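A closer look at the structure
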Amino acid sequence: MDLTLKIWRQKDAKSAGKFVTYPLKNISPNCSFLEMLDILNEQLIQKTEEPVVFDHDCREGICGMCSLYINGRPHGPDDAVTACQLHMRKFSNGDTIVIEPWRARPFPVIKDLMVDRSAFDKIIQEGGYISVNTGGAAEANNILVGRENSELAMDAAACIGCGACVAACKNASAMLFVSAKVSQFALLPQGQVEAKQRVKKMVRMMDELGFGNCTNTYACEAECPKLISRSNIARMNREFMCAKVI
Amino acid sequence: MNSTFFRFSSITKKIWMAFLGLFLMIFLVVHLGINLCLLRNDGGAWFSAAAHFMGTNYIVKVFEIGLFAGFIFHVFLGIILQVQNWMARPVRYMVSNKTDTPFLSKYMIYTGGIVLIFLILHFINFYFIKLGWVFNPNMTPDGEPDFYHIAKQLFVIPAYSIIYILLFIVLGFHLNQAFQAAWQTLGINHPQYTTCIRRFGTFYAIVVPLGFIIIPFYFLLIR
Ligand code: HEM
Ligand code: SF4
Ligand code: FES
């Protein structure tokens, strides 16, 4: 396949960026999207140009590092995959592919396509955990968990923190991410102890960091590589209301 | 960013917005019921009686204050949320978003804004007359504003009727998205109810605006 890439290049957080066009020839349709970028980078290095910086780690859809906004969609034109799981067969010969970094005020660009997502870590630090004293591990079956809740909690825990929900949302809202993190604990007895504080503090941090407000367009759910459901957002709103009122 | 309203959490603002929106939707049905009295060929007897009741009953008056405040807060919160949302993405994407989202869900501020223009027009034509803020030559013998004749005079103007019809179509789009959104915001999302809520919202968003739209048609074409 022969392609034309339009890639956002930005020297560092302070510099202004711009789109640069790169023609790329002879790409196999079986190549993954990130491998395609590797090929481009090798060619750039051979020409002693700066390679394109982009985030990636596991390259198998589990770490949540890859973060590319490809032709108007986070993680590109396939559903329920991360950019590293996307294959070039989803594109056609002669296509122009525009690659942009996630755009949100709390996700500033570090360089080229790499953004700083430590805003998510700050939200997690507000309560996206349970406090357990160290010591001998308790017998797991001492606290019974219903089948349905354990499944729902597991589904919520599938969130890999990639930020595609923020990138897709017209309001750059982080509600899907935060609600997945709130839900995975709210659904389990172990999460109850800190439940009220957790939801209040995580929502406060989310607002303070400058993420937008949800307006129920559900773009987050449509683009989430882990198919996190918007019912988690409803659950978080319930939790939040109860924590405030009761 | 430090004004009181900005400090309310995003979810608190959303929940108020949803409550007020649902309250407005209940009111709209009552309003439709009264307006449909215009269709009776009784020289406005029913309509005037309803308008008289709404204008003089004390319980209605209490609700009226709540309603007026509800409108203002719904609009006010909608605008604040939207401004924050625009600020949350200072650098826009070059390729506009291609994510598959429900029809017009991204344009609530615009459909809401158009409804607001209509509401202002409507307030000038009716509500402010009732409050005595706007001069009105049409009076009933008892000295109350004659809303039947005011309405009739407006609806026979084709331009007014056309704008009225278009605006109710826009309101329908606003409410089709808004009804299910409000329940989601209030934390009610369950596989058992969600489809039902969505369908009812669409039903409401078609039937209620249609009810309002029949009235100018009647005055323009049949009378
Ligand atoms: C008869 C008039 C109106 C009714 C019945 C109504 C009803 C509603 C309802 C039920 C919602 C859903 C709330 C939610 O998503 O949680 C909503 C959302 C919204 N309304 Fe209205 N509304 C009306 C007029 C307006 C006006 C005049 C504006 C003016 C700016 C407006 C702006 C908005 C916006 C921006 C939203 C989206 C907020 C969101 O989804 O979170 N609405 N409306
Ligand atoms: S909710 Fe989905 S899109 Fe958002 S951070 Fe988690 S995995 Fe990524
Ligand atoms: S690189 Fe780990 S999810 Fe894509």
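An account of the accompanying structure is given in this report.

What follows deals with the coordination of the iron atom of ligand 1. Reference values for coordination geometry: four tetrahedral donors around a metal ideally subtend 109.5 degrees, six octahedral donors ideally subtend 90 or 180 degrees. Residues and elements named next belong to chain B. Distances from the iron atom of ligand 1 to its protein donors, His74 (NE2) and His174 (NE2), fall within 2.1 Å. According to the relative accessible area criterion, His74 is buried, its value standing at 16%. Judged by its relative accessible area of 12%, His174 is buried.

What follows covers the pattern of salt bridges. Residues and elements named next belong to chain A. Tallied over the entire structure, the rule returns 11 salt bridges over all chains. Residue Arg9 pairs with Asp112 through a salt bridge whose shortest N-O separation is 3.1 Å. With Arg9 in strand S1 (residues 3-9) and Asp112 in the loop between strand S6 (109-111) and strand S7 (114-115), this residue pair connects regions lying 103 residues apart in the sequence. Relative accessible area serves as the criterion here: at 13%, Arg9 is assigned to the buried category. The exposure class assigned to Asp112 is buried, which follows from its relative accessible area of 2%.

Before going further, it helps to examine the site of ligand 1. The local shell around ligand 1 holds 25 residues, among which Asn216 of chain A together with Lys14, His74, His174 and Thr185 of chain B are the closest. Chain contributions to the surroundings of ligand 1 come from chains A and B. His174 of chain B places a polar side-chain atom, nitrogen or oxygen, 2.8 Å from a nitrogen atom of ligand 1. Contact distances for ligand 1 include 2.9 Å between an oxygen atom and a side-chain N or O atom of Thr185 of chain B. Mapped by element, the contributors of at least two residues to the shell around ligand 1 are helix H2 (10-36), helix H4 (58-87), helix H5 (108-131) and helix H7 (158-185) of chain B. Its residues assigned to classes, the shell around ligand 1 comprises 16 nonpolar, 8 polar and 1 charged.

Ranked by size, the top nonpolar core spans 92 residues in total, and within it Phe107, Ile123, Val166, Val178 and Phe211 of chain A carry the most contacts. Residue assignment places this core across two domains, with domain 1 (3-111) and domain 2 (118-131 + 144-245) of chain A each supplying three or more. The contacts of Val166 of chain A, once residues within four sequence positions are left out, are Ala104, Phe107, Phe120, Ala172, Ser173, Ala174 and Phe211 of chain A together with Arg89 of chain B. One finds Met1, Leu34, Met36 and Leu86 of chain A within the second-largest nonpolar core, a separate group that totals 28 residues.

Our next topic: the pairing of strand S5 (residues 96-100) of chain A. In the case of a regular strand, side chains alternate between the two sheet surfaces. All names here are of chain A. Most of S5 is tucked away, with 4 of its 5 residues classed as buried. With 4 bridges connecting them, S1 and S5 associate as parallel partners. When the bridges of S5 are listed, Leu5 appears paired with Ile97. Here strand S3 (residues 69-70) pairs with S5 via 2 bridges, running antiparallel. Residue pairing for S5: Ile70 is matched across the bridge by Ile99.

What follows is about the site of ligand 2. Residues and elements named next belong to chain A. For ligand 2, the set of nearby residues contains 13 residues, the closest of which are Cys159, Cys162, Gly163, Cys165 and Cys224. Those elements that place two or more of their residues in the shell around ligand 2 are helix H4 (164-168) and helix H5 (175-186). Split by residue class, the shell around ligand 2 holds 11 nonpolar, 2 polar and no charged.

Reading the values: rules and limits
Residues numbered from 1 in each chain as written. Chains lettered and ligands numbered in written order. Predicted model: local features only at pLDDT ≥ 70, side-chain atom pairs only at ≥ 80, totals over all residues. Heavy atoms only, no water. Donors = N, O, S within 2.8 Å, 3.2 Å for Na, K, Ca; no water. Buried < 20%, exposed > 50% of the residue type's maximum accessible area, 1.4 Å probe, protein only. Salt bridge = Lys/Arg side-chain N within 4 Å of Asp/Glu carboxyl O. Helix = DSSP H or I, 4+ residues; strand = E, 2+ residues; numbered from the N terminus. Near = heavy atom within 4 Å. Polar contact = N/O pair within 3.5 Å; in protein donor to acceptor, adjacent residues only side chain to side chain. Nonpolar A, V, L, I, M, F, W, Y, C, P; charged D, E, K, R; others polar. Core = buried A, V, L, I, M, F, W, Y, C linked by side-chain atoms within 4.5 Å. Domains from an automatic or database assignment. Contact = heavy atoms within 4.5 Å. Pairing = 2+ DSSP bridges.

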